[in-house]
Protein chains: 2
Amino acid sequence: MSTEAGTAALRAIYEPLADSVRRLIDISIRTEANALTVVSAKGKIDSAVADLSKSLTAESFGVRQNDDGQSMAWGNVLIGVRNPVAPPLVIHHDPGGFVWTDFELGAAYEGPAGHVHGGVCALILDHVLGATAHKPGKPAVTGTLTVRYLRGTPLGSLRAEANIERIEGVKTFAVGRISDASGVATVQAEGVFIHPRSRGL
Amino acid sequence: MSTEAGTAALRAIYEPLADSVRRLIDISIRTEANALTVVSAKGKIDSAVADLSKSLTAESFGVRQNDDGQSMAWGNVLIGVRNPVAPPLVIHHDPGGFVWTDFELGAAYEGPAGHVHGGVCALILDHVLGATAHKPGKPAVTGTLTVRYLRGTPLGSLRAEANIERIEGVKTFAVGRISDASGVATVQAEGVFIHPRSRGL
């Protein structure tokens, strides 16, 4: 089950589950259902938890590889197709090193009313800037990240993008930003990403 | 329903729902259940979504206030008791301005295998450093946040803490860190937090 076809089969089982849980997260925050309805819904959720718990890994999902050498970061908090917390981001890479992603953030990512939590912007920028330095089988870890908040980031349709400023040995210096639906930059960031020699990450 | 007793009654309805969804998020990432079991569990989840959707606010939860002036950030991505994405953090304030929180992060917050996503560390530090500047009815927004990664942060029991370095007018300069279960610092941060005069956040 670890060939490309096996990977696709596994994804076909578990991705729709994550999509359903993702919808549930949003709805459970926004519901105004009465106590009886909530108790009934909670019963269904607890029953699903019991079913799914019968066969369980002890640990987190980790980063697995299939026989084709493809990395399956399905548990990742931002890009994991099996992680309902992940929007999930789909990261695009230009041949020139430019990286971007378009995404929607709803009620689950809120900080100030109607706005994305500033820390979620930092989370996304860490990942997208870091993606400029990632190479297959050669991940980069963040050394330093500096985030500048220009204005509030409204919940809704957003874009994050980044590019490499320069590379010095194992260090990649990247810059990037988040912009809102009208293309106005709301948050900027710069970061140093490192290809570790022996940190095992 | 907006008095202190009303707030407690609302919390008694919705907090257990968020707890159940939080468990479901973790289990749905770690499950190895077969296709039939997953389809059945998904059916229960979708049914809960349908029930809870019958009475729904159009927007995010927002930050509400009850009649006692208490702020209810129940939808907040980090501290919201109604947000299943939130661990949720419980932030403690010392009279001297020191802020700390002890928490557990599981499979839902993963980046590198077995480790917290570096961006999640930034998210948490943004919030905890910012909490040094928050005052009731007078929230602060992040101006700049700089995060330095010292080593990987393992999933499990963690602490985040912060204190004020200095205050200059509307600006609070704060420093802080995340440490692992053995008390070793894994990530450090410094930030500037601003009490906006008219930004409405």
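Starting from 1, residues in each chain are numbered consecutively following that chain's sequence as written. Chains carry letters from A onward and ligands carry numbers from 1 onward, assigned in written order. Since the coordinates come from a predicted model, pLDDT governs what is reported: local features require at least 70, and pairs of side-chain atoms require 80 or more to be given and counted, while whole-chain, interface and lining totals use all residues. Hydrogens and water molecules were not included; the side-chain quantities draw on all heavy atoms of the structure.

J.: Can you help me understand the overall build of chain A in this one?
T.: A run of H or I in DSSP becomes a helix once it reaches four residues, and a run of E becomes a strand once it reaches two; helices and strands are each numbered from the N terminus. Counting its secondary structure elements, chain A contains 3 helices and 8 strands. When the helices and strands of chain A are listed from N to C terminus, the series reads α-α-β-β-β-β-α-β-β-β-β. Only protein chains enter the calculation, and the probe is 1.4 Å; a residue is then buried if its accessible area is under 20% of its type maximum, exposed if over 50%, and partly exposed in between. When the 201 residues of chain A are sorted by exposure, 51% land in the buried category. Each accessible area is a Shrake-Rupley result for a 1.4 Å probe, and residues are judged covered by the shown protein chains and nothing else. Accessible area for chain A stands at about 8500 Å²; split by element, carbon and sulfur atoms hold 53% of it.

J.: Can you walk me through unusual backbone geometry in this structure?
T.: Where the residue is not glycine, phi is negative for most of them; where a peptide bond is considered, it is trans in most cases. With an omega of -20°, the peptide bond running from Pro87 of chain A to Pro88 of chain A counts as cis. With respect to the secondary-structure elements, Pro88 of chain A resides in the loop between β2 (71-72) and β3 (92-93).

J.: Help me out: how do you make sense of helix α2 (residues 35-52) of chain B in this one?
T.: Every α-helical turn comprises 3.6 residues, leaving residues that sit three or four positions apart pointing alike. The terminal C-alpha atoms of α2 of chain B, which comprises 18 residues, lie 26 Å apart, in line with the 26 Å expected from a rise of 1.5 Å per residue. Residues Val38, Ala41, Ile45, Ala48, Val49, Asp51 and Leu52 of chain B constitute the buried set of α2 of chain B. Buried residues in α2 of chain B, looked at end-on, bunch into an arc of 165°, giving them a common side. Pointing more than 90 degrees away from the buried face of α2 of chain B are the exposed residues Leu36 and Val39 of chain B. The contact criterion used is simple: two residues touch if any of their non-hydrogen atoms lie within 4.5 Å. On its buried side, α2 of chain B packs onto α1 (4-30) and α2 (35-53) of chain A together with α1 (4-30) of chain B. Given a helix with a known number of residues, its expected span is that number minus one, times 1.5 Å. This arc describes the spread of directions from the helix axis toward the C-beta atoms.

J.: I'm lost on the packing of aromatic side chains in this one. Help?
T.: Residue and element names in this part refer to chain B. Only rings of Phe, Tyr and Trp enter the pairing, Trp through its six-membered ring, and a pair is recorded when the two centres are within 6.5 Å. The plane angle decides the type: under 30 degrees is stacked, over 60 is edge-to-face, the rest tilted. All chains considered together, the criterion is met by 4 aromatic pairs over all chains. Each ring, one from Phe61 and one from Trp74, has its centre 6.2 Å from the other, and the planes form 25°; the classification is stacked. A residue pair is termed long-range when its members are at least 10 positions apart, and Phe61 in the loop between α2 and β1 (64-65) and Trp74 in the loop between β2 (71-72) and β3 (92-93) qualify at 13 residues. Pair check on accessibility: Phe61 and Trp74 agree, each one buried.

J.: Looking at this structure, I do not really get the sheet that holds strand β4 (residues 99-105) of chain A. What am I missing?
T.: To summarise the sheet geometry, strands pair through backbone hydrogen bonds and adopt either a parallel or an antiparallel arrangement. Any two strands are treated as partners once DSSP identifies two or more bridges connecting them. Strands sit in the order β3(A)-β4(A)-β6(A)-β7(A)-β8(A)-β5(A)-β5(B)-β8(B)-β7(B)-β6(B)-β4(B)-β3(B) across an open sheet of 12 strands; the sheet is antiparallel. In the strand order of this sheet, the two ends are held by β3 of chain A together with β3 of chain B, each with one partner. One ladder, built from 7 bridges, connects strand β4 (residues 99-105) of chain B with strand β6 (residues 156-168) of chain B; its direction is antiparallel. If you follow Phe103 of chain B over to β6 of chain B, its bridge partner there is Leu158 of chain B.

J.: Mind showing me how you'd approach the interface of chain B and chain A here?
T.: Where the parts come together, the accessible area they lose is often given as the size of the interface. With 79 residues of chain B in contact, the opposing surface of chain A contributes 79 residues. Buried area: the accessible area, evaluated with a 1.4 Å probe, that two parts lose upon being put together, summed over both parts. Summing both sides of the interface, chain B and chain A together bury roughly 7100 Å²; the carbon and sulfur share of this comes to 63%. Summed over the three residues of chain B that lose the most area to chain A, namely Ile29, Arg30 and Leu52 of chain B, the buried surface amounts to 8% of that side. Here Lys44 of chain A and Asp51 of chain B are joined by a salt bridge, their closest N and O atoms 2.7 Å apart. By the criterion applied in these results, polar contacts are pairs of N or O atoms within 3.5 Å in which, for protein atoms, one can donate a hydrogen and the other can accept it, and in which residues neighboring in sequence qualify only through two side-chain atoms. At the surface where chain B touches chain A, the tally comes to 45 residue pairs in polar contact (both at pLDDT 80 or more). Of all the elements in the fold, those that place two or more residues in the side of chain B that touches chain A are α1, α2, α3 (118-131) and β5 (141-149) of chain B. Salt bridges are defined by distance alone: a side-chain nitrogen of Lys or Arg within 4 Å of a carboxyl oxygen of Asp or Glu.

J.: What is the right way to read the nonpolar core from this model?
T.: Nonpolar side chains tend toward joint burial in soluble globular proteins. Note on terminology: a nonpolar core comprises buried Ala, Val, Leu, Ile, Met, Phe, Trp, Tyr and Cys residues joined through side-chain atoms within 4.5 Å. In terms of nonpolar packing, the biggest core is built from 102 residues, with Ile124 of chain A together with Ile124 of chain B touching the most fellow members. Setting aside its immediate chain neighbours within four residues, Ile124 of chain B contacts Leu78, Leu89, Phe103, Leu105, Ala160 and Ile178 of chain B.

J.: What exactly am I supposed to notice about the environment of Asp26 of chain A here?
T.: Residue and element names in this part refer to chain A. For Asp26, the location among the structural elements is in helix α1. Residue Asp26 is classed as partly exposed on the basis of its relative accessible area, which comes to 22%. For the pair formed by Asp26 and Val85, sequence separation is 59 residues and the distance between their alpha carbons is 10 Å.

J.: Honestly, the side chain of Thr146 of chain A in this entry has me stumped. Any pointers?
T.: Mapped onto the fold, Thr146 of chain A is located in strand β5 (residues 141-149). For Thr146 of chain A, a relative accessible area of 13% corresponds to the buried category. Within the structure, Thr146 of chain A has its side chain in polar contact with the side chain of Thr146 of chain B (distance 3.2 Å). With near-sequence residues (within four places) excluded, Thr146 of chain A lies in contact with Gln188, Ala189 and Glu190 of chain A together with Thr144, Leu145 and Thr146 of chain B.

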